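If you want the building blocks of each chain, they are given just below.
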Amino acid sequence: MEEMGDKQLSSDGYPTKRLTLKEAVRKRPGMYFGECDSRGVEQIVFDLVANGLDLFLTGKASKLDVLIDDDEITVIDDGPGLPLEGDDSDAPDILLKFHDRPSHDGHAPHVHLVFHGAGLAPINAGSSVFEISTWLNNELWRMRFSCGDVTEPKHLVTTGQGNGTTIRLKADPEIFGNARARSGVVRNRLFECVHLFPGFRLEFNGEVFRSESGLQDLLYAYLLEDTWEQVGDLIEPFYFHDVVDSVDIQVAVAGVARDACDVQRHSWVNGVRSPLHGSHVVGLETVLASLPWSPKALLIHVVTHEPKFAAPTKDQLSADPVQKAVESALKRPMTDYFTKHQLSR
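Nothing here was measured: the structure is a model prediction, and the numbers come from that model.

K.L.:
Before we move on, could you go through the overall build of the chain and cite the residues and values that matter?
P.N.:
Regarding its fold elements, the chain presents eleven helices and 16 strands. Going through the 345 residues of the chain one by one, you find that 49% of them count as buried. Considering only residue pairs separated by 6 or more positions, the chain has 68% of its internal contacts joining residues 24 or more positions apart. A total of about 16,100 Å² of accessible surface is found on the chain, and carbon and sulfur atoms cover 48% of it.

Quick look at the structure:
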């Protein structure tokens, strides 16, 4: 018998039983977390951070604290809280049921830090301890779970002037063994993350990351640290960040390449690296070719506000509307920059 998603298939391919989410996650955890080692635990961390980024992109949160202490992971946001109270609350579904959309409510923009997102319910099912505390209407509510089962029903903890949500968990050793999230891997990804989302404040184990100039700061930070001398006199990189045709476009471009092999390209879609690039890079390079300008380095990150493009992109973006938006957004400001600095091949 073979399993696909939350269904079991008989040898002739017909479904014979629908698994619960807990059964599906614990039977095939790799389908949800990618790996059952440190990378899988890191996937959990990055998923929780991505939830905070979704709040940031809609103006509902400004910061996130991430703490990793041995096998315990804690993520704290300053958002509006999850609706745990009331008969019409969808929070139990968020924590206990699988959804077949990019997000549980279909919201956009919706971002990730890795190629796929597991979601809160699979994370809950894959955690030996999962505790959520959330402020709602000046009341702090809390629930606890173990392996997807409720161990402490929602209850009122205190009242006061608070906000945000805290999730504290431990990845289940029955799935992940003794694996731990690697602090260096998490730190590097969170450092990159704040440059993809300018203005977002991330604190990791007491170290604060924040960038106001996004990809421009990332250029200065490390992507070109070994090549500035080859660029010559340092000219401030071209930088653009705006929303055009429902696409949040951020671009940083610098220098003049010796030849085509000398160009560094780095691209992201909805928070995830796109190693084979795609439509967003084609749009950028179309504008560059029209000038003509062959830069030393180009960085581009696009966040799509259309729900149909909200799912994670694997290796390459294929979306003509994004390419057109990039070309439209960059043509005038990039031409002005090119002319001002008298750049050439």
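K.L.:
Run through the packing of aromatic side chains, naming residues and quoting values.
P.N.:
Going through the model one piece at a time under the given rule, you end up with seven aromatic pairs. Taken together, a centroid distance of 5.4 Å and an interplanar angle of 65 degrees make the contact between F33 and F176 edge-to-face. Residue F33 is located in helix α2 (residues 30-33), and its partner F176 is located in helix α6 (residues 173-176); the two are separated by 143 residues in the primary sequence. Consider the rings of F191 and F209, whose centres lie 5.8 Å apart with planes at 85 degrees: the pair is edge-to-face. Of this pair, F191 sits in helix α7 (residues 183-196) while F209 sits in strand β11 (residues 207-209), and the two are 18 residues apart along the sequence. Residue F191 is classed as partly exposed on the basis of its relative accessible area, which comes to 23%. Three or more aromatic residues joined by ring pairs make a cluster, and in this case those are F238, W293, Y337 and F338.

K.L.:
Just give me the short version of the pairing of strand β4 (residues 63-69), but keep the residues and values in it.
P.N.:
Burial along β4 is one-sided: L64, V66 and I68 are buried, and none of K63, D65, L67 and D69, which face the opposite way, are. As paired strands, β4 and strand β10 (residues 201-204) are joined by four bridges and run parallel to one another. Paired with V66 across the bridge in β10 is F204. Bridging between β4 and strand β5 (residues 72-77) involves six bridges; their strand directions are antiparallel. Each residue of the ladder has a partner; that of D69, found in β5, is E72.

K.L.:
Before we move on, can you summarise the pattern of salt bridges with the specific residues and values?
P.N.:
Here the structure, examined in full by the defined rule, presents 19 salt bridges. Among the salt bridges present, the one from D65 reaches R201, with a minimum N-O distance of 3.5 Å. Of the two residues, D65 sits in strand β4 while R201 sits in strand β10, which places them 136 residues apart along the sequence. Here D65 falls in the partly exposed class, since its relative accessible area comes to 22%. For R201, a relative accessible area of 23% puts it in the partly exposed group. A single salt-bridge network, built from bridges that share partners, covers E72, E131, R142, R144, E152 and R168.

K.L.:
Tell me what's going on with the packing of helix α10 (residues 279-290) against helix α11 (residues 320-341), and back it up with residues and numbers.
P.N.:
Running from N to C, α10 and α11 point in directions that differ by 30 degrees, and their axes come no closer than 8 Å. In this structure, α10 meets α11 at a crossing whose hand is right-handed. Packed against α10, whose contacting residues are S279, H280, V282, G283, L284, T286, V287, L288 and S290, the element α11 presents D320, V322, Q323, V326, E327, L330, K331 and M334 at the interface. Residues that form the contact of α10 with α11 fall into these classes: eight nonpolar, six polar and three charged.

K.L.:
Could you give an account of the side chain of S211, naming the residues involved and the relevant values?
P.N.:
As for its placement among the helices and strands, S211 is situated in the loop between β11 and α8 (215-223). Beyond its immediate chain neighbours, meaning those up to four positions away, S211 contacts V194, H195, P198, G199 and D217.

K.L.:
Can you explain the environment of K331? Please cite residues and give values.
P.N.:
Positionally, K331 belongs in helix α11. Residues K331 and G283, 48 residues apart in the sequence, show an inter-C-alpha distance of 9.9 Å. Setting aside anything within four residues of it in sequence, one finds K331 in contact with V287 and S290.

K.L.:
Describe the sheet that holds strand β12 (residues 238-244), listing the residues and the values that go with them.
P.N.:
With respect to topology, five strands assemble into an open sheet ordered β12-β13-β16-β14-β15, the strand pairing being mixed. In the strand order of this sheet, the two ends are held by β12 and β15 (272-273), each with one partner. In this sheet, strand β16 (residues 297-304) lies alongside strand β14 (residues 264-269) in parallel orientation, the contact comprising six bridges. Considered in β16, the bridge of H266 is made with L299.

The rules we used
Residues numbered from 1 in each chain as written. Predicted model: local features only at pLDDT ≥ 70, side-chain atom pairs only at ≥ 80, totals over all residues. Heavy atoms only, no water. Helix = DSSP H or I, 4+ residues; strand = E, 2+ residues; numbered from the N terminus. Buried < 20%, exposed > 50% of the residue type's maximum accessible area, 1.4 Å probe, protein only. Contact = heavy atoms within 4.5 Å. Areas by Shrake-Rupley, 256 points an atom, 1.4 Å probe, with all protein chains shown as cover. Phe/Tyr/Trp six-rings, centres within 6.5 Å; stacked < 30°, edge-to-face > 60°. Pairing = 2+ DSSP bridges. Salt bridge = Lys/Arg side-chain N within 4 Å of Asp/Glu carboxyl O. Axes fitted to C-alpha atoms, helices over the stretch in contact; angles between N-to-C directions. Left-handed = near helix turned anticlockwise from the far one by under 90°. Nonpolar A, V, L, I, M, F, W, Y, C, P; charged D, E, K, R; others polar.

In short, geometric facts, not functional conclusions.
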